Amino acid sequence: MKKFLIALVMGIAAVSSMAANSVKVTVNGMVCSFCAQGIEKRLSKMDATKDVFVDLKKKTVAVEAKDGQTLDAKAISAEIVDAGYDVVKIEPVLQSVAEIRAELKARK
Amino acid sequence: MRRHLGKICLGAICALFSLSALCGPMGFKDSWMSMGDVSPNWQEVFVNYAFTARDAAGASAVVMRSDDGIKTRQLTEATYTRLAKRWNMPEAQANIWFIGGVGNITGNDFSGSRTMSSPGVQVDYETTRIYASATSRLYRAQGLNHDFASARAGFSFFEVDYDQTQPWFILEVRRMRGLTDKTEVTPMLRLIHNRYFVEFGVNNASQARMNFMYIF
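Worth saying up front: this structure is predicted, and the values here are computed from it rather than measured.

Draft legend 1. Expanded view of the overall build of chain B. Summing up its helical and strand segments, chain B has one helix and 15 strands in all. The buried share among the 216 residues of chain B stands at 51%. Within chain B, counting contacts between residues at least 6 apart in sequence, those at least 24 apart form 48% of the total. Entry remark: accessible area of chain B is about 9,700 Å², with carbon and sulfur atoms responsible for 63%.

Draft legend 2. Structural context of the nonpolar core. If you look at the biggest cluster of nonpolar residues, it comprises 35 residues, and the most contacted ones within it are A:M30, A:I39, A:L43, A:V61, A:V63, A:I76 and A:I80. Elements with a minimum of two residues in this core: β1 (22-28), α2 (33-44), β2 (49-55), β3 (60-65) and α3 (73-82) of chain A together with β1 (32-39), β12 (166-176) and β15 (208-215) of chain B. The element that contributes the greatest number of residues to this core is α2(A), accounting for five residues. Those residues in contact with A:L43 that lie beyond four places of it in its chain are A:T49, A:V52, A:V61, A:V63, A:I76, A:E79 and A:I80. Listed in part, the 13 residues of the second largest apolar core include B:M64, B:L75, B:I105 and B:A141.

Draft legend 3. Layout of the interface of chain A and chain B. In this complex, chain A contributes 24 residues to the contact, which on the side of chain B involves 26 residues. If you sort the residues of chain A by the area they bury against chain B, A:V31, A:F34 and A:Q37 come out on top, with a joint share of 30%. Our count for the contact surface shared by chain A and chain B stands at nine residue pairs in polar contact (both at pLDDT 80 or more). Tallying contributions element by element places α2(A) first for the side of chain A that touches chain B, with nine residues. Across the side of chain A that touches chain B, the residue classes tally to nine nonpolar, six polar and nine charged.

Draft legend 4. Helix α4 (residues 97-106) of chain A, seen in detail. Residues and elements named next belong to chain A. Inspection of α4 places V97, I100 and L104 among the buried residues, and these make up the whole buried set. For α4, the buried positions fall inside an angular range of 60 degrees around the axis, keeping them on one side. Those residues of α4 that are buried are in contact with β1, β2, β3 and β4 (86-93).

The rules behind the values
Residues numbered from 1 in each chain as written. Chains lettered and ligands numbered in written order. Predicted model: local features only at pLDDT ≥ 70, side-chain atom pairs only at ≥ 80, totals over all residues. Heavy atoms only, no water. Helix = DSSP H or I, 4+ residues; strand = E, 2+ residues; numbered from the N terminus. Buried < 20%, exposed > 50% of the residue type's maximum accessible area, 1.4 Å probe, protein only. Contact = heavy atoms within 4.5 Å. Areas by Shrake-Rupley, 256 points an atom, 1.4 Å probe, with all protein chains shown as cover. Core = buried A, V, L, I, M, F, W, Y, C linked by side-chain atoms within 4.5 Å. Buried area = accessible area lost by both parts, 1.4 Å probe. Polar contact = N/O pair within 3.5 Å; in protein donor to acceptor, adjacent residues only side chain to side chain. Nonpolar A, V, L, I, M, F, W, Y, C, P; charged D, E, K, R; others polar. Arc of directions from axis to C-beta.

Encoded structure:
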């Protein structure tokens, strides 16, 4: 039983460490490709950023952290606001940007 | 309801008054924007650098010609662009811009060069499917008045992801004092893809026009 519990805990830890560390941001005012370019460029320059995806129709910006790094939600929010847009909601998600992109595209 | 009415009014204002060759007169912070507007009577190149999210400095050169081809003007100026106000809405964005320039103008009907100032205002309203803008700009120098106004409105044919090419139909109406008595009307096809944007059209004088913009 003890061995089983240890294996279970190790398994959960392994899965959670493999799950992507991302944030999904809902942004107002982001309506054109130039808006998206600006936000993508600014967020891509952040040290912890691995990948960025912008969906204009869903008003969503997704940012994924590099392995072993943590995203700073406040800093991401500040970058978007500084680019000229309003952040409505920011939430951590255990999905990669590729998964978020696929999910949002599937909803269209 | 009140907020909704406000958005409708703002959109209507933007549709009624519009001026500017392109969707926004500056790019995002730390970006360079290059723009061009080319037709037989008007050739303009414009470059600016956004040193903040709301301010850009640059330079432009414009060659203007009267409808009969007799009078010409060449204007080079330093420009400043300021995003005076932005409204970020869930499905739209609206802006008020200040655009100003100071430079030298020469012409073939006067000697030497004169200092020209060109303060102006642009308002625009945009969603992922609808665009409207209005611009009014004074072009003044000693003995010269080439004030300019334009309005643009249009729609995209369909929604795309931002990294795909989006085609738009845009109708522009513009007028300038001193060189022409006619109002130029140009229906245009606009293509936006990533960092570039091009427009092609033929105006009501059967002249071809092309606009471009690139952000880098």
